[in-house]
Amino acid sequence: MLLKLYNWSLVGCLLIFSNLLSPANCAEKAADTYLLATGRAGETRLALIDEAYGHFSRSLLESLHSSLPENAQILSIGCGTGTIECQMAQYWPNAYIKAIDSSQAQIDISRDKAASLGLKKITFIFQDANDLIYENSFDLVYARLLLIHVQDPVSVLKRMERAAKPGALIICEEISSSSFHCEPPNEFYAKAFQLTQEIAQEKKVDYDIGVKLPGYMADLGLTLVRFSRQEPDRANLNVKKQLFLSLTEAKPKLPANFDGQSLDTLLGELEKFADQDNSRISMSDLFQVVGRKTVK
Ligand SMILES: C[S@@+](CC[C@H](N)C(=O)[O-])C[C@H]1O[C@@H](n2cnc3c(N)ncnc32)[C@H](O)[C@@H]1O
């Protein structure tokens, strides 16, 4: 029965229909390719993501501190609930931070967060990364876990490069499904992984972008400053549950006549496996790629 579920050629057609059926809602226009929950419904998972990856982001940002001017202008794209941007504002109190996201619900949470921390130099704007039109304006352009969700990541990267001042840094922190990890082998994990690959194919997004970014940056004429791969703690239960949580959130955006009961069974088994003391699973390592815009 479960095996039948994974006949994804059928699911592929259904996913296309789900796009046609979904209500047009300009306040959530990234929803076509962003399958995860936004707003309060996605807040816990993003907090857990920050628990898994945040210390890597923070140490990268701290290491770059000295290369930024005192009143740096920073652009952050796909800011989610604003966690990392509020931290930037605390590290760099003289910096001006503009953060965008294509979900109004994310922007609302981010604004509340910044207000509750009394951060005044940070602005959250509802905007799609594909519509960025800034030119030579920022000392740092940053995105974490955004490019895996857009259909044309190179075009977004190009817009990021255009937004950067000459000599400015462009930082992308992304995952690569080639580094997904599971130990010991588990049939439910394997099926869940296969499911993510099928979803990426249908949505025409690239869940393997992390390893490709240095090449994309080089093609845009950026100088590679750093390329590193950070492994989250695969024994941490919150890390182990990321795949389960992501698929659980994506579930409502899968086709209406999708066999939800079988997916529930899969998710139940995946969660049980994550709960086992001896299991080591993770969505991905974090690939940190930093490029510098050429000064002409
Ligand atoms: C996985 S979350 C990461 C959020 C945040 N960067 C972090 O690391 O916690 C991806 C975010 O990108 C946003 N997003 C997806 N597609 C987008 C697009 N085309 N333009 C702007 N934001 C987008 C989503 O709404 C979501 O908030």
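Refer to the structure presented above.
Reading the values: rules and limits
- Residues numbered from 1 in each chain as written.
- Predicted model: local features only at pLDDT ≥ 70, side-chain atom pairs only at ≥ 80, totals over all residues.
- Heavy atoms only, no water.
- Buried < 20%, exposed > 50% of the residue type's maximum accessible area, 1.4 Å probe, protein only.
- Helix = DSSP H or I, 4+ residues; strand = E, 2+ residues; numbered from the N terminus.
- Pairing = 2+ DSSP bridges.
- Phe/Tyr/Trp six-rings, centres within 6.5 Å; stacked < 30°, edge-to-face > 60°.
- Contact = heavy atoms within 4.5 Å.
- Near = heavy atom within 4 Å.
- Polar contact = N/O pair within 3.5 Å; in protein donor to acceptor, adjacent residues only side chain to side chain.
- Areas by Shrake-Rupley, 256 points an atom, 1.4 Å probe, with all protein chains shown as cover.
- Nonpolar A, V, L, I, M, F, W, Y, C, P; charged D, E, K, R; others polar.
- Disulfide = S-S within 2.5 Å.
- Axes fitted to C-alpha atoms, helices over the stretch in contact; angles between N-to-C directions.
- Left-handed = near helix turned anticlockwise from the far one by under 90°.

Glancing now at the pairing of strand E9 (residues 286-292). For E9, the buried fraction is high: six of the seven residues fall into the buried class. Strand direction decides the pairing type here: strand E5 (residues 164-175) and E9, joined by seven bridges, are antiparallel. Bridge assignment links glutamate 174 to a residue of E9, and that residue is phenylalanine 287. Two strands pair when backbone bridges link them, and strand E7 (residues 223-230) and E9 are joined in this way by seven bridges, in the antiparallel orientation. By the bridge assignment, phenylalanine 227 is partnered in E9 with valine 289.

Moving on: the packing of aromatic side chains. In total, this model carries five aromatic pairs according to the counting rule given. Note on phenylalanine 180 and phenylalanine 193: the rings are 5.2 Å apart at their centroids and 65° apart in plane angle, and the pair reads as edge-to-face. Residue phenylalanine 180 is found in the loop between E5 and strand E6 (181-183), and its partner phenylalanine 193 is found in helix H7 (residues 187-203); the two are separated by 13 residues along the sequence. Its relative accessible area of 13% is what places phenylalanine 180 among the buried residues. Three or more aromatic residues joined by ring pairs form one cluster here, namely Phe180, Tyr189 and Phe193.

Buried within helix H4 (residues 83-91) are the following residues: Ile84, Glu85, Cys86, Gln87, Met88 and Ala89. Packed against the buried residues of H4 are helix H3 (40-64), strand E1 (73-77), strand E2 (96-101), helix H5 (104-116), strand E3 (122-126) and strand E4 (138-144).

With that settled, consider the site of the ligand. Neighbouring the ligand are 19 residues, the closest being Gly78, Asp101, Gln106, Ala129 and Arg144. Here serine 102 contributes a backbone N or O atom positioned 3.2 Å from a nitrogen atom of the ligand. Between the ligand and arginine 144 there is a distance of 2.6 Å, counted from an oxygen atom to a side-chain nitrogen or oxygen. When the free accessible area of the ligand is taken as 600 Å², the share hidden by the protein chains comes to 98%. Taken together, the residues of the shell around the ligand break down into eight nonpolar, eight polar and three charged.

Our focus in this paragraph is the state of the cysteines. Counted under the stated rule, the structure contains zero disulfides. There is no disulfide at cysteine 79, and the cysteine sulfur nearest it, in cysteine 86, is 9.0 Å away. Under the relative-accessibility criterion, cysteine 79 is labelled buried at 7%.

This brings us to the packing of H3 against H4. At a closest axis distance of 11 Å, the pairing of H3 and H4 adopts a crossing angle of 35°. As H3 runs across H4, the sense of the crossing is right-handed. Side by side, H3 and H4 meet where Asp50, Ser57, Arg58, Leu61 and Glu62 of the first sit next to Thr83, Ile84, Gln87, Met88 and Tyr91 of the second. Residues that form the contact of H3 with H4 fall into these classes: four nonpolar, three polar and three charged.

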